[in-house]
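What follows is each chain in one-letter form.
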Amino acid sequence: MRADVVVIGGGPAGLAAAVAAKQAGAGRVLIIERDVRLGGILPQCIHTGFGVRWFGEELTGPEYAGRFVEQAKSAGVEFMLETMVLEVTPDLRVLAVSPRDGLVVVECGAIVLAMGCRERPRGALAIPGTRPAGIFTAGTAQRLVNIEGVLPGRRAVILGSGDVGLIMARRLTLEGVKVEAVVEIMTYPGGLARNIQQCLRDFDIPLYLGHTVSRIHGRDRLEGVSVAPVDDAWVPITEKEWFIPCDTLLLSVGLIPENELSAACGIELDPATGGPIVTDEMETSVPGIFACGNVVHVHDLVDHVTEDGMVAGAAAAARAAGRAGAGAGTGAVAGAGAGAGDESRRTLGEIRPGLNVRYVVPQRFVQGGERSGGGRILTISLRPSEPAENVVLEVSAAGKVLRRQRKEKVRPSEMLQVNVDRLALPSESGVVVTVSITERKV
Amino acid sequence: MRAERILILDEQAVTREKRTGRSGREIMRKSYLPGPLLVPSCSTFIATGLVAGWTFLYDTTARKTRITGGCGLQGTRSTQSTTVKADVAIIGAGVVGAAIARELARYDLRVVLIEREVEAAFGTSKANSGVVHAGFHSTPGTLKASLCVHGNAMFDDIAAELSVPFRRNGCLMVAMSRDEVGVLREHFEQGRRNGVPGLRLLDADEARKLEPGLAPEVVAALYAPTGGVVCPYQLTFALVENAIANGVTFMAGSPVTSIHLRDGRVMAVETPEAIIETAWVVNAAGLFADRIGAMAGDESFEIRPRKGEEYLLDKRVGSLVRSTVFPVPTPVSKGILVIPTVDGNIMVGPTAEDTRDRLDLTTTRAGFEAVFAAARRMVPSVSPRDIIASFAGLRAACSEDDFIIRPSRVARGLVHVAGIESPGLTAAPAIARMVAEILREEGLEMRARRAFNPVRPAPVRFAHLSRAQQARLVASEPAFGRIVCRCETVTEAEVVDAIRRGARTVDGVKLRTRAGMGRCQGGFCMPRVMRILSRELGIPVKQVTKRGPGSVIAPYPAKALLRAGRAEVGIEAEAEAEAEAEACSANGIGVRAAIKAGTGSPGGAGPGADSKVARGTRVRRADGIETGFQAAPTTGR
């Protein structure tokens, strides 16, 4: 089988990439999705809050996905459902398996990785106590309630204040479950401020910051958890622990980009994001393989995922058509001299996190001229390492400040974006652009 | 060849089947099985029978001449107890009981294997470290010493016959100081007297050459090349499967409630559902062996459980060591080990802590600290950062220093196999032989059964096959193309096969297939496995458990408020909603059934309900439930 652009994953990132690829003139565009339906995680996100940025209206997850499914279908995107990709190779081949088609190899003009992310499980946390039934990651519980139609329990505690956990606090409350507490080990919440308000405060659900679950009780089924404040080394202070009876514990302790396929393919990953290192065209270190959405870094809003996907899809279409940057990839940084023909003139600059910045995306940018499908603006997404107030977000290169932005408040749970004029970027090879967050000098 | 699923019917259903006149010829080997019959179902024949209160149907499509794989003796419980006649009843389907059952299956005997948990290996065996010990730890002259060395020697054959992964990776006991070198020498001598082959004393350089990951403080080591690792629960499952394939009856979920005696001789064993009339009882009840003894009036020993905590590390660091690394032992245990498992992980542990609670499976902060401090002393690069799972198990240690393998002095016909702590896993095959000998000496007539087949067909592991093999497999059986667990690449066909082989719970599927054992720890596959269990076992998703009764996973209907159409859910409304949800999931048309039933908005429990509910959310906010949900202020970012 052959396709011009193959998109792995039919969630919001993959759908946007496929639509954009079609719009950019790609011939055959194929989405490979492991589930029986498109939409990724969105079909189980039956709450509202999606699409405010992209559509200018508030939609539910299934509605948001539905609009892109319609667009993709009318654009002529093809789908393989219930199909799991087993392998992606650097020579742009995708090996997948499905009950209908068996083992299939697809030769691709370009590949877009859009596998999304997964939840951090409990095992890695090694909480003392028993191993009863009744402990779920928040997303698993969401699937059980919203898709399978079964409710895990009657009384719940949520460990971690990630957005999925907060949404589930409200969802379970609406199901008649008593949500006793949300417990967060950090001194600041992991989810969006709006979710803290709408999912916890509006329902009088207590949020314990600087606390953790110190022990799990119950033999066959969860009977309760001990909760305790933590010291500076995040070790629970057991003298101060108390018992909360509950039959359900949800874990919302972080999301990890799903990059088993990328790693096996030899794509260079950024330890800070857990996702591939990408250019501003969302191209990875393997030429012709692009990535977008939560597989690159975990986003707060689906709208941003869609934006990523649009960029990746357009760039992948251009690549498949033989235009733009053949043979570059992120590997061409610092004058690696790879590439062929005219395209070898294309070089990459590097973008690095500076003071109080945990990561930046993209980590590379195409120097000299406009990227395919984009204009003069280079958008950098970033997350701060620590919460801070009255700060300046600064983009600089070669001792020159390119952009300054005042921020009243920044926190790790909320992604920031900053735009830079490409023409202001230095063009010498090996240039490093740094993004930092510093205190505002009064 | 498309495998048909095992059907499990209740008694009414069987009666219904009988009324249709679809009886057939008997195919069950054992004459004590009442009422076996054949019924045509589609184009296949299915054998059905009633055993000990369990009703089941066996599929014979796949294997026309013999029945394998289907441990289909669990299912609908009958309220009346059934009487079963047996020659030997074995109590306890841990690795020891399972090995005994398979050993006795070599003879022309009616053997019943009774287990309190819903699946085999769900007690001590599940949490075993998986080390096949070389045999230098035990005092010469003890049962532990001789059975360990004999058992070890049997492992190559057993693993090959049963298709269980086993590797002789060697055991290495390390001395961390000059004082400890003396202890190594003692163990070297002890091992030689026990008959451990190939023992060698290594100096520091030799030891580090063998294991570059060892700490610089290691001054010497004792190396036993015959040491190995095996997966303890895979071994137990395989033993039980092979025993069943050779005619043994397996009764799971059947705690023994009493043992009947007459004139000081065993007559029968009673469980809530069955009375097993038998003259011979093997007590392999592990943590509860003393209680089984007491039921027969024999209180000659006491079980004193000793807890061990284990920590499993990611496969990423799976090559930290090649051999199993031991410290010099403490008076009560072999100490905390660094074990490369057969699956490619590293396991560190176990602790050794006496406890009175026979169900205490808690891990503790103290245990965690002890394990990592001890393991890092020997292998410094072991790190708690790599933990992917932690658990605890209970050793069935006892009031005597050695294994207790002997006929009861109080109840004739009862044979104890108790106090089987380490090296019990290693010794299990040898213990099984010894028990067979004891039964023969005590007067049980044992004639070899010609039809005994020692081979248990290997389950297919899709992830381990070549691409060409995978392609052929999917072409012949589409369910191999449906990946259920993406971390370990486990297919639907493998999950269904695990259920055919006896899995009844999410943990049972996990331990057999590895679905849920990967880096996401079941976050993705658990709802999918629950759905397959529900379908294959013919039970609602709500009734699927993690590891048996009491460990239900998601027992309530969701969207109860919508369904009940009331602001508050009272008990009645809840019951109503539950009944309705059951009806919905039973007939599989959730939403429509709910509407037809006229009990408010659709919110069906069945698959397919979700999208309708989700898309309709906005409309239905009017009915009062989701109103608060929408009315919440939104801050457009």
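Residues numbered from 1 in each chain as written. Chains lettered and ligands numbered in written order. Predicted model: local features only at pLDDT ≥ 70, side-chain atom pairs only at ≥ 80, totals over all residues.

(A) A look at the overall build of chain B. In terms of regular secondary structure, chain B is built from 18 helices and 28 strands. Across the 637 residues of chain B, 54% fall into the buried class. Taking the contacts inside chain B whose residues are at least 6 apart along the sequence as the reference set, 67% of them involve residues at least 24 apart. (Helix = DSSP H or I, 4+ residues; strand = E, 2+ residues; numbered from the N terminus. Buried ≥ 20, exposed ≤ 12 C-beta atoms within 10 Å, placed from the backbone. Contact = placed C-beta atoms within 7 Å.)

(B) Looking closely at the domain arrangement of chain A. All names here are of chain A. According to the domain assignment, chain A contains domain 1 (1–118 + 256–345), domain 2 (121–253) and domain 3 (347–442). Summarising the inter-unit geometry, the C-alpha centres of domain 2 and domain 3 are found 35 Å apart. Each partner contributes to the interface: domain 2 provides five residues, whereas domain 3 provides four residues. Residue composition of the side of domain 2 that touches domain 3, by class: three nonpolar, two polar and no charged. (Domains from an automatic or database assignment. Nonpolar A, V, L, I, M, F, W, Y, C, P; charged D, E, K, R; others polar.)

(C) Layout of helix α2 (residues 95–104) of chain B. Among the 10 residues of α2(B), 10 are classified as buried, and the element is accordingly described as predominantly covered. For α2(B), the secondary structure elements touched by its buried residues are β5 (88–91), β6 (111–114), α6 (232–245), β17 (280–283), β25 (414–418) and α9 (424–442) of chain B.

(D) Representation of the nonpolar core in the model. All names here are of chain A. Core analysis: the biggest nonpolar cluster contains 171 residues, and Val5, Ala17, Val112 and Phe290 have the highest contact counts within it. For this core, the element with the highest residue contribution is helix α7 (residues 302–320), accounting for 11 residues. Leaving out residues up to four positions away in the same chain, valine 5 has contacts with Ala21, Ala26, Val29, Gly109, Ala110, Val112, Ala316, Ala317 and Ala320. (Core = buried A, V, L, I, M, F, W, Y, C linked by C-beta atoms within 7 Å.)

(E) Summary view of the sheet that holds β17(B). Residue and element names in this part refer to chain B. With mixed pairing, six strands are arranged side by side in an open sheet as β13-β6-β5-β17-β25-β24. The open sheet has two edge strands, β13 (249–251) and β24 (404–407), and neither has a second partner. Strand-to-strand twist of the sheet, defined as the mean angle between neighbouring strand axes without regard to direction, takes the value 15°. Strand direction decides the pairing type here: β6 and β13, joined by three bridges, are parallel. Bridged to leucine 113 within β13 is phenylalanine 250. (Pairing = 2+ DSSP bridges. Axes fitted to C-alpha atoms, helices over the stretch in contact; angles between N-to-C directions.)

(F) Seen up close, the environment of A:Gly51. Residue and element names in this part refer to chain A. With respect to the secondary-structure elements, glycine 51 resides in the loop between β3 (48–50) and β4 (59–60). Using a count of 20 C-beta atoms within 10 Å as the deciding quantity, one classes glycine 51 as buried. C-alpha separation for the pair glycine 51 and aspartate 303, spaced 252 residues apart in sequence, amounts to 5.9 Å. In this structure glycine 51 touches Glu57, Glu58, Leu59, Tyr64 and Asp303, once residues within four positions along its chain are discounted.

(G) Spatial organisation of the pairing of strand β16 (residues 224–229) of chain A. Residues and elements named next belong to chain A. Where strand β15 (residues 211–217) meets β16, six bridges bridge the pair, whose relative direction is antiparallel. Its bridge partner being in β16, isoleucine 216 is matched across the sheet by valine 225. Hairpin connection of β15 to β16: six residues between the antiparallel strands, including glycine 218 at a positive phi of 115°. As paired elements, β16 and strand β17 (residues 242–245) share four bridges and run antiparallel to each other. When the sheet's bridge partners are listed, glycine 224 is paired in β17 with proline 245.

(H) Main features of the sheet that holds strand β25 (residues 388–397) of chain A. Residue and element names in this part refer to chain A. Strand order in the open sheet formed by five strands is β23-β21-β28-β25-β26, with mixed pairing between adjacent strands. Both edges of this open sheet fall to β23 (364–366) and β26 (400–410), since each of them pairs with a single strand only. Neighbour-to-neighbour, the strand axes of the sheet open up by a mean angle of 20°, direction not taken into account. Examined bridge by bridge, β25 and β26 share nine bridges and lie antiparallel to one another. Its bridge partner lying in β26, glutamate 389 is registered against lysine 409.

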